[in-house]
Amino acid sequence: MKATIITIGDEILIGQITDTNSGFIAKSLEKIGVQVHEMISISDDKSHILETFAKVQNEVDFVIITGGLGPTKDDITKITFCDYFQDTLLRNSIVENHIVALFSKMNFNVSQVNRDQALVPSKAIVLQNQFGTAPGMWMTKEKTVFVSLPGVPYEMKAIVTNELVPKIVSEFKRPYILHKTILTYGQGESIVAERIESWEDNLPGFVKLAYLPSPGRVRLRLTARGSNEKILQTTINDLVEKLVEIISDIIVGFEEDESIEVVLGELLSQKGLTLSTAESCTGGKISEIITSISGSSNYFRGGIVSYATDTKVSLLGVKQTTIDAFSVVSAQVAEEMALGVQKVLRSDFAVATTGNAGPSKGDADASLGTVCVAIATPNGVFSEQFNFGQPRQKVIDRAVNKGLEMLLKEILKNY
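This text gives an overview of the structure that appears in the document. (Residues numbered from 1 in each chain as written. Predicted model: local features only at pLDDT ≥ 70, side-chain atom pairs only at ≥ 80, totals over all residues. Heavy atoms only, no water.)

On a plain count of helices and strands, the protein comes out with 16 helices and 17 strands. With respect to the three principal axes, the spread of C-alpha positions in the protein is 75 × 60 × 40 Å. The buried share among the 415 residues of the protein stands at 50%. The contacts in the protein between residues at least 6 apart in sequence include a share of 68% that link residues at least 24 apart. (Helix = DSSP H or I, 4+ residues; strand = E, 2+ residues; numbered from the N terminus. Buried < 20%, exposed > 50% of the residue type's maximum accessible area, 1.4 Å probe, protein only. Contact = heavy atoms within 4.5 Å.)

Right, here's the structure in full:
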């Protein structure tokens, strides 16, 4: 089964916002055996929307639309749906009651404009919006199901997860699509590809391998498609087992949705260990990633962004003599930062970064792209120095990933 995803909104086309909805929808559909055929972004223009609908009609099984649903006059998707399906708007009492209850909970008055969000095409099946006023709409024309969703990400995600996906699963027979993602750290895409070349060349035809590289990490995603779920699962398991034999030294985790921060968090929780961070050049990014995981308060004690040199001294206890002797960007300073935050926040482990991300040198004598990462453990401290080149964002991203990688490897090896 195939789907087209359409995002509606001039704000996307002019670069004012980034479309994150399409990725979430695509991932959700892929998990249930619906392959995304294309993604399209179009303007808030009725004729453009109608033209696009006609173009994809009967070319795919599902057309998933986000955006253009709201209380203001520029939100025209419902009206356009009525035109395309030759329908009229009717007030849906279930949706209206939900709107009233939602506003009552927030102690807001319900305006007529908000009540009119309960107007939906008479032929539409309503998909309840748990967190907002604009409902999702499911309508069918000939061989294609059209689904309109609000553009607000958290509203869209709830409808997709709780309403859309279950409805597709219950009403349509789909092929099985199984994914297995292997998380690797510390080697680049080309090196990993060279190491697993023979294994990759012998993959069966119904299994595809995708390389998903980012700074400091490469995710290897296996995808198997077919009608027999048991055969697919057995094949994937056998392939992963063989892959582990080849690159076990760089594998840090598995599963499609796992990231290193998830793996690290689970490990810290299981072992009853705690973590803190002292960041300079990464500016709090490590803390941000760690706390993006639900339940991180169980193991993350906190972080200090000691961006200025004197902050490293006053908050973390870095010795001025160390800075004078080795420079603020040095392994010695990184180690004192890690030990300092470990002591201040009373954590078992600490990650510290200091570096020169560029484009200017700032307080540092080190060359652009130089980063020192230190890990404080219950038994001591160690550090490594890297040069991640330029531009600035690349340096920051790779420093973050390297810090997490070093910490994970240390815990797996010794604790």
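This paragraph deals with the packing of aromatic side chains. Tallied over the full model, the rule gives 13 aromatic pairs. When the centroid spacing of 5.0 Å and the interplanar angle of 85° are considered together, the rings of phenylalanine 349 and tyrosine 415 count as edge-to-face. Residue phenylalanine 349 is located in strand S15 (residues 349–355), and its partner tyrosine 415 is located in the segment after helix H16 (392–414); the two are separated by 66 residues in the primary sequence. For tyrosine 415, a relative accessible area of 26% corresponds to the partly exposed category. Put simply, the rings of Phe53, Phe81, Tyr84, Phe85 and Phe146 touch in pairs and so form one group of aromatic residues. Lying across the ring of tyrosine 84, lysine 141 places its NZ or CZ 3.9 Å from the centre. Over the ring of tryptophan 138 we find lysine 167; its NZ or CZ atom is 4.8 Å from the centre of that ring. (Phe/Tyr/Trp six-rings, centres within 6.5 Å; stacked < 30°, edge-to-face > 60°. Lys NZ or Arg CZ within 6 Å of the ring centre and 35° of its normal.)

As summarised here, the arrangement of the 4 strands in space is S10-S11-S9-S12, forming an open sheet in which the pairing is antiparallel. Across the chains shown, the open sheet's two edge strands, defined by having one partner strand only, are strand S10 (207–214) and strand S12 (251–254). For this sheet, the mean angle separating the axes of adjacent strands, direction not counted, is 20°. Of the pairings in the sheet, the one linking strand S9 (residues 176–185) to S12 comprises 3 bridges and is antiparallel in character. Each bridged residue has a counterpart across the sheet, and for isoleucine 182 the counterpart in S12 is phenylalanine 254. (Pairing = 2+ DSSP bridges. Axes fitted to C-alpha atoms, helices over the stretch in contact; angles between N-to-C directions.)

Looking now at the packing of helix H11 (residues 260–271) against H16. Axis separation between H11 and H16 bottoms out at 10 Å; the angle between their running directions is 35°. Judged by the sense of rotation from one axis to the other, the crossing of H11 with H16 is left-handed. Judged by residue contacts, Ile260, Glu261, Val263, Leu264, Leu267, Leu268 and Lys271 of H11 engage Leu404, Glu405, Leu407, Leu408, Ile411 and Leu412 from H16. Looking at the contact of H11 with H16, its residues break down into 10 nonpolar, no polar and 3 charged. (Left-handed = near helix turned anticlockwise from the far one by under 90°. Nonpolar A, V, L, I, M, F, W, Y, C, P; charged D, E, K, R; others polar.)

Attention now moves to the sheet that holds strand S6 (residues 125–127). Across the sheet, 6 strands lie side by side as S2-S1-S3-S8-S7-S6; this open sheet has mixed pairing. Unpaired on one side and paired on the other, strand S2 (35–42) and S6 mark the two borders of the sheet. Across the sheet, the mean angle from the axis of one strand to that of its neighbour is 20°, orientation sign disregarded. Sitting on the sheet, helix H3 (residues 46–56) touches strand S1 (2–8), S2, strand S3 (62–66) and strand S8 (144–149), and the angle it makes with S2 is about 160°.

Of all hydrophobic cores here, the largest spans 34 residues; its most connected members are Leu275, Leu407 and Ile411. Counting residues per element, the ones that place at least two in this core are S9, H11, helix H12 (285–291), S15, strand S16 (370–377) and H16. Ranked by residue count, the leading element in this core is H16, at 9 residues. With near-sequence residues (within four places) excluded, leucine 407 lies in contact with Leu264, Leu275, Phe349, Val351 and Ile375. Ile40, Tyr84, Ile99 and Met139 belong to the second-largest nonpolar core, a separate cluster that totals 24 residues. (Core = buried A, V, L, I, M, F, W, Y, C linked by side-chain atoms within 4.5 Å.)

The next point concerns the environment of alanine 325. Examined against the element boundaries, alanine 325 turns out to sit in helix H14 (residues 320–326). Between the C-alpha atom of alanine 325 and that of glycine 253, which follows or precedes it by 72 residues, the distance is 40 Å.

Of the residues making up H3, those classed as buried are Ile49, Thr52, Phe53 and Val56. All buried residues of H3 lie within an arc of 100° about the axis, which places them on one face of the element. With respect to the buried face of H3, the exposed residues turned more than 90 degrees away are Glu51 and Lys55. Looking at the buried side of H3, the elements it contacts are S1, S2, S3, helix H4 (77–85) and S8. Phi for asparagine 58, located one or two positions after H3, is positive at around 65°. (Arc of directions from axis to C-beta.)

The end-to-end C-alpha separation of helix H5 (residues 93–105) is 18 Å, in line with the 18 Å expected for 13 residues at 1.5 Å each. For H5, the set of buried residues is Val95, Glu96, Ile99, Leu102 and Phe103. The arc enclosing the buried residues of H5, seen along the axis, measures out at 125°, which places them on a common side. Those residues of H5 that are exposed and angled more than 90 degrees off the buried face are Ile94, Asn97 and Lys105. Close packing links the buried residues of H5 with strand S4 (89–91), helix H6 (112–115) and S6. Where H5 begins, the capping side chain belongs to asparagine 92, and its oxygen is found 3.0 Å from the backbone nitrogen of isoleucine 94. Positioned one or two residues after H5, asparagine 107 has a phi angle of 60°, which is positive. (Expected span 1.5 Å × (residues − 1). Polar contact = N/O pair within 3.5 Å; in protein donor to acceptor, adjacent residues only side chain to side chain.)

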